[in-house]
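Below are the chains, spelled out letter by letter.
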Amino acid sequence: MKIIVLGSAAGGGFPQWNCNCRNCAGVRSGAVRATPRTQSSIAVSANGSDWVLINASPDILSQLRATPALQPARAARDSGIAAVILMDAQVDHVTGLLMLREAGAPLPLYCSASVWGDLNTGLPLAPVLGHYCGVQWHELALAGAVSLPGIEGITFTALDLSSKAPPYSPHRHNPAPGDNIGLLIADSASGKSLFYAPGLGAVDPRVDAAMRGADCVLVDGTFWRADEMQRLGFSAKSAADMGHLPQSGANGMLALLEGIGARRKILIHINNTNPILDDDSAERASLARHGVEVAFDGMEIDL
Ligand code: MLT
Ligand code: MN
Ligand code: ZN
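Report on the accompanying structure. Remember, it's a predicted structure, so these values are computed and weren't measured experimentally.

Parameters and conventions
- Residues numbered from 1 in each chain as written.
- Chains lettered and ligands numbered in written order.
- Predicted model: local features only at pLDDT ≥ 70, side-chain atom pairs only at ≥ 80, totals over all residues.
- Heavy atoms only, no water.
- Helix = DSSP H or I, 4+ residues; strand = E, 2+ residues; numbered from the N terminus.
- Rg over C-alpha atoms; globule rule 2.2 N^0.38 Å.
- Buried < 20%, exposed > 50% of the residue type's maximum accessible area, 1.4 Å probe, protein only.
- Contact = heavy atoms within 4.5 Å.
- Areas by Shrake-Rupley, 256 points an atom, 1.4 Å probe, with all protein chains shown as cover.
- Lys, Arg positive; Asp, Glu negative; His and termini not counted.
- Charge placed at Lys NZ, Arg CZ, Asp CG, Glu CD.
- Donors = N, O, S within 2.8 Å, 3.2 Å for Na, K, Ca; no water.
- Tetrahedral: all angles 85-135°; square planar, octahedral: opposite > 155°, others 65-115°.
- Pairing = 2+ DSSP bridges.
- Axes fitted to C-alpha atoms, helices over the stretch in contact; angles between N-to-C directions.
- Right-handed = clockwise from strand over helix to strand, strands pointing away.
- Phe/Tyr/Trp six-rings, centres within 6.5 Å; stacked < 30°, edge-to-face > 60°.

Scanning the protein from N- to C-terminus turns up nine helices and 14 strands. Taken over the C-alpha trace, the protein has a radius of gyration of 18 Å; the compact-globule value for 303 residues is 19 Å, and the two agree within 12%. In terms of its C-alpha atoms, the protein occupies a principal-axis envelope of roughly 50 × 40 × 40 Å. Residues counted as buried form 51% of the 303 residues belonging to the protein. Across the protein, contacts joining residues at least 24 apart in sequence account for 68% of those joining residues at least 6 apart. A total accessible area of about 12400 Å² is found for the protein, and carbon and sulfur atoms account for 54% of it. The distance from the centre of the 22 positive side-chain charges to the centre of the 28 negative ones in the protein is 5 Å.

Let's shift gears to the coordination of the zinc ion (ligand 3). Of the protein atoms, only Cys-19 (SG), Cys-21 (SG), Cys-24 (SG) and Asn-272 (OD1) coordinate the zinc ion (ligand 3), at distances of 2.2 to 2.3 Å. In this structure, the zinc ion (ligand 3) is coordinated by four donor atoms arranged in tetrahedral fashion, with angles at the metal of 101 to 120 degrees. Positions of the donor residues of the zinc ion (ligand 3) along the chain correspond to the pattern C-x1-C-x2-C-x247-N. Across this residue pair, the class does not change: Cys-21 and Cys-24 are buried.

At the junction of Phe-14 and Pro-15, the peptide bond is cis and its omega measures out at -5 degrees in the coordinates. The residue Pro-15 is located in the loop between β1 (2-7) and α1 (22-29) in this model. Of note, Ala-73 is a non-glycine position whose phi angle comes to about 55 degrees, a positive value. Among the secondary structure elements, Ala-73 is positioned in the loop between α2 (60-65) and β4 (81-85). Unlike most non-glycine residues, His-269 shows phi in positive territory, near 60 degrees. By the secondary structure assignment, His-269 is in the loop between β12 (264-268) and α9 (282-289). Its relative accessible area of 5% is what places His-269 among the buried residues.

In this section: the sheet that holds β1. Taken together, the seven strands give an open sheet; going across it, the order is β6-β5-β4-β3-β2-β1-β14, and neighbouring strands pair in mixed fashion. Strands at the two margins of the open sheet, each flanked by one partner only, are β6 (135-139) and β14 (300-302). With strand direction ignored, the average angle separating the axes of adjacent strands in the sheet is 25 degrees.

Below, the discussion takes up the coordination of the manganese ion (ligand 2). The coordination sphere of the manganese ion (ligand 2) contains the protein donors Asp-92 (OD) and His-269 (NE2), at a distance range of 2.2 Å. In this pair, Asp-92 sits in helix α3 (residues 91-94) while His-269 sits in the loop between β12 and α9, placing the two residues 177 residues apart along the sequence. Of the two residues examined, Asp-92 and His-269, each falls in the buried class.

Turning our attention to the environment of Phe-14. Of note, Phe-14 is situated in the loop between β1 and α1. Sequence separation of Phe-14 and Asp-227 is 213 residues, and the distance between their C-alpha atoms is 19 Å. Other than its neighbours up to four places away in sequence, Phe-14 contacts Ala-9, Asn-23, Cys-24, Val-27, Ala-34, Thr-35, Pro-36, Arg-37, Asn-272 and Leu-277.

Strand order in this open sheet of seven strands is β7-β8-β9-β10-β11-β12-β13, and the pairing throughout is mixed. Lying at the two open borders of the sheet, with one neighbouring strand each, are β7 (145-146) and β13 (292-294).

Relative to the elements of secondary structure, Phe-234 occurs in the loop between α7 (228-231) and α8 (253-258). For the pair formed by Phe-234 and Ala-145, sequence separation is 89 residues and the distance between their alpha carbons is 40 Å. Leave out the neighbours within four places in its chain, and Phe-234 touches Cys-19, Cys-21, Met-229 and Thr-273.

Looking now at the pairing of β12. Most of β12 is tucked away, with four of its five residues classed as buried. Across five bridges, the pairing between strand β11 (residues 216-220) and β12 is parallel. Following the sheet pairing, Asp-220 is matched in β12 by Ile-268. Across three bridges, the pairing between β12 and β13 is parallel. In the strand pairing of β13, Leu-267 is matched with Val-294. For the handedness criterion, the β-α-β arrangement of β12, α9 and β13 is classed as right-handed.

Applying the stated criterion across every chain yields a total of one aromatic pair. For the ring pair Trp-116 and Trp-137, a centre distance of 5.2 Å and an interplane angle of 5 degrees mean the geometry is stacked. Here the residue Trp-116 occupies a position in helix α4 (residues 113-118), and Trp-137 occupies one in strand β6, the gap between them amounting to 21 residues.

Purely geometric numbers; function is a separate question.
Here it is in structure tokens:
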């Protein structure tokens, strides 16, 4: 199967429209050697023509323009996107659904019951889309491997992650199973698998086992430091408050990945403040020494 990284940044993208942090200002002026990135989303296919879009970023239209593989043009109106899976109901992962409203048939959408609830209440994209293409919702079970109709050769296993619903959610302070998931994505022919979790706040034994069993992990790269946003004066919230495990620290993502045998270890959903975006930073060099890659828009992974 092939995985294409459509977007590799966290909410806001890189550079973020209103941000003048060292990275954002530096990439604009050229003072920092770094590559702009759109908000996180990936596409997966085993046959190269039918793709599952995983998360629908507000940047989806530019992501599709940059990805000819997702535009097979078999009919006057056509798309390679055969189904959409949502990992959570965060603004940066769902609002691109509105940009798909010209679809000729209801969008096949797979997500947990709690995410579907948010999209019908706090952020009512589902009823809005009902006035355009409509949405055909299928509940994504929180256990067991499933295959999706029209998607040959790939199975998807959702793992409930401990996290929070988005700030707008009616149950923001009442976490429900499925507010945030990780996905084990396996190629039926080769048996190779990807563990995908762009938002990962804590690793419990199930998640640890899924990561250890995968040939490639593509996981939360939001923050380098636990207090990154607080130190910059951008937010009162820590990485943990936002449901993200920082890379640094004795119990950080780097230490965790160190003990995992996956053939490839890649960080995604990178916040614009994260020093790993600077190609010349000490933090980026440290990742390289640990054999950890940084996802970029257009990156392709073959498994
Ligand atoms: C997050 O995952 O914390 C988000 O990127 C926040 C957002 O979309 O504003
Ligand atoms: Mn996000
Ligand atoms: Zn910034």
